[in-house]
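Here is what each chain is made of, one letter per residue.
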Amino acid sequence: MAKKKNDAPKTASDPALNRDLLRSMLLQRRFEERCAEAYALGKIGGFCHLYIGQEAVSTGTISLLRPDDYIITTYRDHGQALARGMHPRAVMAELFGRSDGCARGKGGSMHMFDKSLNFLGGHGIVGAHVPLGTGVGFAIKYRGGDQVCICFMGESVVNTGAFHEALNMAALWKLPVVYIIENNRYGMGTALERASAIHDIYERGASYNMPRAVCDGQDVFAVRTSMQEAIERARIEQTPTLVEVRTYRFMGHSMSDAVSGTYRTKDELEEYLKRDPIMLLRMHMQEEGELTEEDLHTLDEETKVVVQDAWDFAEQSPEPPVEALFEDVVVDTTSEALAEPVAAD
Amino acid sequence: MPVITYRDALNQALREEMQRDDRVFLMGEEVAVYQGAYKVSKGLLQEFGEMRVVDTPITELGFAGVGVGAAMVGLRPVIEFMTWNFAVLALDQVLNSAAKLLYMSGGQYNIPIVFRGPNGAALQLSAQHSQSFESWLAHIPGLKVVTPGTPYDAKGLLKSAIRDDNPVCFLEGEMLYNTKGEVPEGEYVIPIGKADLKREGDHCSIITCGKMALVAVQVADQMAKDGIRVDVVDLRTVRPMDVEAIRTSVEKTNRAVVLEEGWELCGIGSQIVDYIQRDCFDSLDSPVVRVHQADVPMPYAKNLERAAKPDVAKTIAAVRKVMYLD
């Protein structure tokens, strides 16, 4: 059932699709470069985990989804939110803690949500959202729907009990969930080999008799090929898949972590930078004659304008009013529960 | 009016709500084929099928999270914990997911879920199976915490909990399941957050919740024989707490005993005493006295367990103390 690394020949290049993929990945990259700047300026606070280096995973996966499919993810969530189509203004305003943020300034970097896009949020406790993803799969099956739920996570999640419990139930009940492990090599500063007894993480799927795959997370086409298969398996056969995507984070764990030094060397980082996912896609497109230097320049400039617009919007968005402090703790239950009780006698 | 057990009252509530709303399902350990560890779900698998009455592996953290995920996308799960002692394993999902998603998402994702099961001590189950979690849970903004003590309250409140659009922790009791009481046939609901005056009196208030409501009623009935009239305020819900009912009673009696099943430090009683000192300071004729479990893990030996638990005798002594009768 296990699959070897996918090096199947690529299908014919699709220039329009490739341009969309490039645009999506470039948006995430340029957006997060400005996040780092805003963080340094104190405009973004708290924990801020950047996704730079992993953009092929979000874009490759999400480009295959239908609008009614679901996505749930971790606290490293900006890239996936943007790839799903969340407005950069709403994401940046949330990062700035403003009232026009997607969570009205109450969630911040780790908690991007957009119900209209079935984007079920960034979750802050490692592993805790994996059972939620299983629950979404349960709900799809309960209703007899043909959506799928994509559950993104980092490789450190696989050592939590929540991961084990959630994958066991998903396989036991045959739920339409694709569990995507973005193996970026480090759980904060602890290398995979120092945290997991198994280094081929996709093999964890064997414990649950779950179909599994591994792919190159720097190659957006490889990601799409793997995910296509997993998504179809979920949609058509109602069977979950565990996909390990081998990628690398070019930044520190969060903004307070140096890019290299204590737990990884500069040499290692530089080696991985040679496989920048955006660069690989751009080179492919240039080789295929789908993209000129001028096209690339134009696309990049357009992207920067979008990001600057998001920045300006966020800066102008008001702080949440103090009254908002006590809003959204509980919803008013307006259902029949509040109907007059029938007397006992 | 029919007299039924607390167990059957819960069963009726589940059945009626599942008939009323297809989105409601029951999930937990032994709820389906086994018919419920305490038979609360008896017959439900046969009536509703295995998609709506779902046996899980022993995996509290996992299935609590499955419930939250299903609730995020529109279902209305009832998650049964075989006991709240085991729910400690799932506390992350209750605290960090169910209770917070509405707030963290800026109001986008409310979580209509019920977490239910027996709470507190039964008989000789010793330390790991005899704990009261109402104060732990009541500490958390975003939750509602319901503690019915009678069959009537159990049914009406469970129906409200299932219809509530927020996460509700519903605390039952092994020792309550066989207790009997009048429960009307047909539809009724009891609003969450409303206390009930289980006995009326003007000499002393006992403020309590859950299983201890039965103890308080026994105390009131016994003391009535000596002409002492006790007001028994059964909170029924500890979050949100019916502060108005506490105030009304204490302003009438000028004396209060606070009775709870759990430990003393930072217990539900601590909060009730705080409300009393804030709102009724000038009404008090004596300091409030608390009755609670001894500050130890629950022992196994019968005599030690008895010594650890709050009971009728200890509560009577507390009432006599606040009335300066000794």
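These numbers come from a predicted model, not from an experiment. Each chain has its residues counted from 1, following the order in which its sequence is written. Throughout, the order in which chains and ligands are written sets their labels, letters from A for the former and numbers from 1 for the latter. Restriction of local features to residues with pLDDT of at least 70 applies here, the model being predicted, together with a cutoff of 80 or more for giving and counting side-chain atom pairs; totals for whole chains, interfaces and linings are based on all residues.

### Section: the overall build of chain B
Inference 1: Note on conventions: DSSP H or I runs of at least 4 residues are helices, E runs of at least 2 residues are strands, and numbering of each starts at the N terminus. Scanning chain B from N- to C-terminus turns up 13 helices and 14 strands.
Inference 2: The quantity called the radius of gyration is restricted to C-alpha atoms. Its globule counterpart is 2.2 Å times the number of residues to the power 0.38. Scaling as 2.2 N^0.38, a compact globule of 326 residues should have a C-alpha radius of gyration of about 20 Å, and chain B matches this with 19 Å.
Inference 3: When the backbone C-alpha atoms are referred to their principal axes, chain B occupies close to 60 × 45 × 40 Å.
Inference 4: By the criterion used throughout, residues are in contact when their C-beta atoms, derived from the backbone, lie within 7 Å. The long-range fraction of contacts in chain B, counting pairs at least 24 apart against all pairs at least 6 apart in sequence, stands at 79%.

### Notes on the sheet that holds strand E4 (residues 177-183) of chain A
All names here are of chain A.
Inference 1: Here, a strand pair is defined by DSSP locating no fewer than two bridges between the strands. Strand order in the open sheet formed by six strands is E2-E1-E3-E4-E8-E7, with parallel pairing between adjacent strands. Only two strands of the sheet have a single partner each, and these edge strands are strand E2 (119-123) and strand E7 (212-216). When the angles between neighbouring strand axes are averaged without regard to direction, this sheet yields 15 degrees.
Inference 2: Summarising the sheet, strand E3 (residues 149-154) and E4 pair through six bridges and their orientation is parallel. Along E4, the bridge assignment pairs Gly154 with Glu182.
Inference 3: Inter-axis angles, ranging from 0 to 180 degrees, are taken between N-to-C directions of lines fitted to C-alpha atoms, where helices are fitted over the stretch in contact. Strands in contact with helix H5 (residues 129-143) are strand E1 (70-74), E2, E3 and E4; relative to E3, the strand with the most contacts, it is inclined by about 170 degrees.
Inference 4: Sheet strands touched by helix H7 (residues 220-237): E4, E7 and strand E8 (241-246). Its angle to E8, the strand with the most contacts, is close to 170 degrees.

### Focus: the sheet that holds strand E7 (residues 168-172) of chain B
All names here are of chain B.
Inference 1: Read from one edge of the open sheet, seven strands run E3-E2-E4-E5-E7-E6-E12, paired in mixed fashion. Edge strands, defined here as strands with exactly one partner in the open sheet, are strand E3 (53-55) and strand E12 (237-239). Adjacent strand axes in the sheet meet at a mean angle of 20 degrees, parallel and antiparallel pairs treated alike.
Inference 2: As paired strands, strand E6 (residues 144-146) and E12 are joined by two bridges and run antiparallel to one another.

### Notes on the domain arrangement of chain B
Quoted interface sizes are often the accessible area lost when the parts come together.
Residues and elements named next belong to chain B.
Inference 1: We note that the domain assignment places domain 1 (3-182) and domain 2 (196-322) within chain B.
Inference 2: Measuring from the centre of the C-alpha atoms in domain 1 to the corresponding centre in domain 2 gives 26 Å.
Inference 3: Every element with two or more residues in the side of domain 1 that touches domain 2 is listed here: helix H7 (134-138), E6 and helix H8 (151-163).
Inference 4: Here the nonpolar group is Ala, Val, Leu, Ile, Met, Phe, Trp, Tyr, Cys and Pro; Asp, Glu, Lys and Arg are the charged ones; every other residue, Gly included, is treated as polar. Of the residues assigned to the side of domain 1 that touches domain 2, the class counts are 11 nonpolar, 10 polar and three charged. An automatic or database domain assignment provides the domain bounds reported here.

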